[in-house]
Amino acid sequence: MDNKRTELRHEFLSTAADNSFAGNTSSPRGCMHSSHFAGRHALLYPDERIIKTGIEYEFGKTIDDVRADRDCIVKAVLPRYQGRGFESPGGLVFVEYMEEGEIFIDFIDTPVYKANHNFFGYRLKQTDLARELGYNTPLMKGDILCQTNSYGEEGDYMYGVSANVAFMSHPSVADDGVVVSESFAKRSVSESYLKRVIYINKSTIPLNLYGDDKTFKFLPDIGEKTRPDGLLCAVRERNDWFSPVDLSTANLRDADPTFDQMTYVNTHSEVVDITVIRGNNPKPEFASQMTEQLDEYANLLVGYYKQVIRTYEQILAEKKTLYGAGAKIRQTPRLHRFMSDCYIKVNMAENGRNRMSYRKIPIDQYRVEVITRSLVVPNYGHKLSDGHASKSVICAILPDDHMPVDQLGNRADIITDSTSTISRMNPGRAYELDIGAASRDNRVRLINTLTQRYGANFLQVMPHEGYGYARQFIRDFYALFNSDGVGYIDSLTDDEFAAFLKRVVEKILPIYYPPDNERGVVDVLTDLENSPYAPHEGPVTYVSPLGNRETTVDIIRIGVMYFIWMEKVANTFSAVSSSRVNNFGFPVKGAPVDKARYPHSQTPGRFTDETGSRIIMSYMGQQAIAEIMDVALNPISHKAIYLNALQGDKTFDQNYVVDRESIPYGQGKSVQVLKHIMTAAGIDFVYYKEKQ
């Protein structure tokens, strides 16, 4: 190991290796950042990080996209739904390869989206290689067929977004609160993928929510939008006494929230995938017009399975013709499982002797699985964090022209509190802000100089001495940080440097700064401030909450930081979940179908976090949140509530209040554990009532 470097090596830091200043971050904040990194979600338009540690390229090697896992030959490309006027939600690629003298047949699944989270997901786009696939096209191990927007051009993992940040006071930046600009919120958009499963049996009637008097449409087709309120579809309980009324054309086009089973998704959603499995009950329960849409998708799915079977059998016949009937053609375990499913589903769809089922659940008429996609734009209550575990909550979103702007025209995307850096013991965020500002400002200086000398299109007309000036400018700038950047610039040929300069002009001026950097950050910042490359700082102008345009007296630096967005979002109009109740008003457990029956959630949360507690206190006061926490955590309060339910004159008294004279606050399990630990250390707690 180089004696000049610290022991903060990438391989020892896990996900914290993405923090160039991990050595300047407290241990609790470092652990918190690891949990934040695991809880982030993919962005639709992520940015490349300016300050790189090198771990971004290691993350990029294992990014969740679609790649060939070995050298192979393409034998067929099959989209799932073809020629229907909308984008197919996926398909597969049949491939073959040879291993130890045996021929193996396998397939590569090529979806257009992935959703490993119950709310968030991300789209996959086909690469040029995937669009050109054909019979006998060779694939090399690692070739990418479908990739996410998080995969950078150089193979790095882009998991966040860069922002101009101003550390300054503002009414909305107390504690964890931050102010963001409207443009920053819009470019931090992510995608939500929701799955809804609807069973239609002989006791239910599908409603014609998306059709007209001539066409019956139970739900939007692939590529179409849902209703603005997010209602995806609805079914009505079948009642023979009222069938003439229920089956009227006008009545089936309107949903009744009281009696119909409704299925909601996010507002302004788009349907990206529909999978319909039709039961093989020989007795029809609906008119053909009513199920025309569902039958079309069911036939498309069965047709796809048949096409897979035909293609696979053609590949086998081709191999036997080439190598003889005795040749060993093997299936991979993955293909064996998939082909077995195809044969079984086709056989059950065409043979009514065995009842159709899905995971042991019988399908009487139809099983409809719908995947919808919607955009999630950060709003009030959304959480974000930098690479130093400075978790923040959006408390205000301002127009761009209201945000602080410095004398060079750098406009802040985020306003945050500077004093929290001390309380959180993560000064690395301030170091990142300064170095990010240096990269941004010196990139602009370089572009302005080259533009003044050679014109706006200097990349096309610049002579050799212009490239020499740019190389020396960047080399001297990199020398302030470490010798690795200098060595990289010196190693580039003229053509390679021209490509690098083009990337700098069009995107960013990257800085390599590993956690075990050879120079301490204090020395780096000292040399940077005393050099011609020092970033700009000075008064900033902004619009105050009163609407006045003000200029600060203090000197403020608007720097650049990298932010990730966390999975906790404030995307509903309900502050808390309302539990489902029975006829007696007693809260009961909701079934899976109840989770999407209303626009709001009927599954109550088990706990309230810091943000939720603050919201409750702002509306109801301190005693309300104390009561909520006590009845949830205090075993003595539990006992009193149960005794009231068992011994009271009512089955369940919703207005029952715990007697706080006999059962005071502060007896929750978490508090009792803390008291026990402190008592063992000789410390006791005494309650003093706060003076009003």
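Now for a look at the structure at hand. (Residues numbered from 1 in each chain as written. Predicted model: local features only at pLDDT ≥ 70, side-chain atom pairs only at ≥ 80, totals over all residues. Heavy atoms only, no water.)

1. Things to note about the sheet that holds strand β8 (residues 125-126)
Strand pairing within a sheet occurs via backbone hydrogen bonds; the two strands may be parallel or antiparallel. Filter applied, for reference: DSSP-based pairing: two strands are paired if at least 2 bridges between them are found. In DSSP terms, a helix is any run of H or I states spanning at least four residues, a strand is any run of E spanning at least two, and both are numbered starting from the N terminus.
The antiparallel open sheet is built from three strands, whose spatial order is β2-β10-β8. The outermost strands of the open sheet, each flanked by one partner alone, are β2 (66-67) and β8.

2. Remarks on the side chain of Q147
So the rule is basically this: In this description, contact between two residues means that some pair of their heavy atoms is separated by no more than 4.5 Å.
For Q147, the position within the fold is in strand β10 (residues 144-147). Dropping the residues within four chain positions of it, Q147 is found in contact with D65, R123, L124, K125 and T127.

3. Focus on the packing of aromatic side chains
This is how the line gets drawn: To pair, rings of Phe, Tyr and Trp, with the six-membered ring standing in for Trp, must have centres within 6.5 Å; the planes then decide the type, stacked if under 30 degrees apart, edge-to-face if over 60, and tilted in the middle. Three exposure classes are used, based on accessible area relative to the maximum for each residue type with a 1.4 Å probe and protein chains only: buried under 20%, partly exposed in between, and exposed over 50%.
Across all of its chains, the model carries 24 aromatic pairs by this definition. Ring geometry for Y113 against Y193: centres 5.3 Å apart, planes inclined by 10 degrees, an arrangement best described as stacked. One end of the pair, Y113, is in strand β6 (residues 113-114); the other, Y193, is in strand β13 (residues 190-200), with 80 residues separating them in the sequence. For the pair formed by Y113 and Y193, the shared burial category is buried. In textbook terms, an aromatic cluster arises when at least three aromatic residues are bridged by ring pairs, as seen for Y469, F473, F477, Y478, F481 and Y533.

4. A closer look at the sheet that holds strand β5 (residues 102-109)
Filter applied, for reference: In this analysis an axis means a line fitted to C-alpha atoms, helices contributing only their contacting stretch, and an angle means the value between N-to-C directions, from 0 to 180 degrees.
Read across the sheet, five strands follow the order β9-β3-β4-β5-β18 without closing on themselves; strand pairing throughout is mixed. Two strands lie at the open edges of the sheet, namely β9 (138-139) and β18 (329-331), each paired on one side alone. The pairing of strand β3 (residues 72-79) with β9 spans two bridges and is antiparallel. The residue bridging I73 from the neighbouring strand is P138, located in β9. Packed onto the sheet, helix α7 (residues 292-323) meets β3, β4 (91-99), β5 and β18 and runs at close to 155 degrees relative to β3. Sheet strands in contact with helix α8 (residues 333-350) are β4, β5 and β18, and its direction is about 65 degrees off that of β5.

5. Some details on the packing of helix α10 (residues 428-454) against helix α14 (residues 494-506)
For clarity, the threshold we go by: For this classification, under 35 degrees means roughly parallel, over 145 means roughly antiparallel, 65 to 115 means roughly perpendicular, and everything else is oblique. In this scheme the handedness of a crossing depends on how the near helix is turned from the far one: anticlockwise by less than a right angle means left-handed, clockwise means right-handed. The classification used treats Ala, Val, Leu, Ile, Met, Phe, Trp, Tyr, Cys and Pro as nonpolar, Asp, Glu, Lys and Arg as charged, and all other residues, Gly among them, as polar.
Interhelical geometry of α10 versus α14 gives an angle of 110 degrees and a closest axis separation of 10 Å. Taken together, the axis directions place α10 and α14 in an arrangement best described as roughly perpendicular. Between α10 and α14 lies a crossing whose hand is left-handed. In this structure, α10 contributes R443, L446 and I447 to the contact, and α14 contributes L501, V504, V505 and E506. Of the residues assigned to the contact of α10 with α14, the class counts are five nonpolar, no polar and two charged.

6. Here's the deal with unusual backbone geometry
The residue N136 is not glycine, and still its phi comes out positive at about 70 degrees. Mapped onto the secondary structure, N136 falls in the loop between α4 (128-131) and β9. Residue classification places N136 among the partly exposed positions, given a relative accessible area of 38%. The backbone of H268 shows a phi angle near 55 degrees, a positive value even though the residue is not glycine. A residue is classified by how much of its surface remains accessible, and H268, at 55% relative accessible area, is exposed.

7. Structural notes on empty space enclosed by the protein
As a reminder, the rule being used: Method remark: on a 1 Å grid restricted to protein atoms, a set of points is classed as a cavity if a 1.4 Å probe fits but cannot get out and as a pocket if it is open with protein on both sides within 12 Å along at least five of seven lines; lining residues have an atom within 4 Å of a point. Grid points are joined across faces, edges and corners, and a volume is the space filled by probe spheres set on the points.
Under the criterion given, the structure shown has five cavities of 30 Å³ or more. The calculated volume of the largest cavity comes to roughly 70 Å³. For the largest cavity, the full set of lining residues is A42, L43, L44, G121, Y122, R123, T148, N149, S150 and E191. At three residues, strand β7 (residues 120-123) tops the list of elements feeding residues into the lining of the largest cavity. Classifying every residue of the lining of the largest cavity by side-chain character gives four nonpolar, four polar and two charged.

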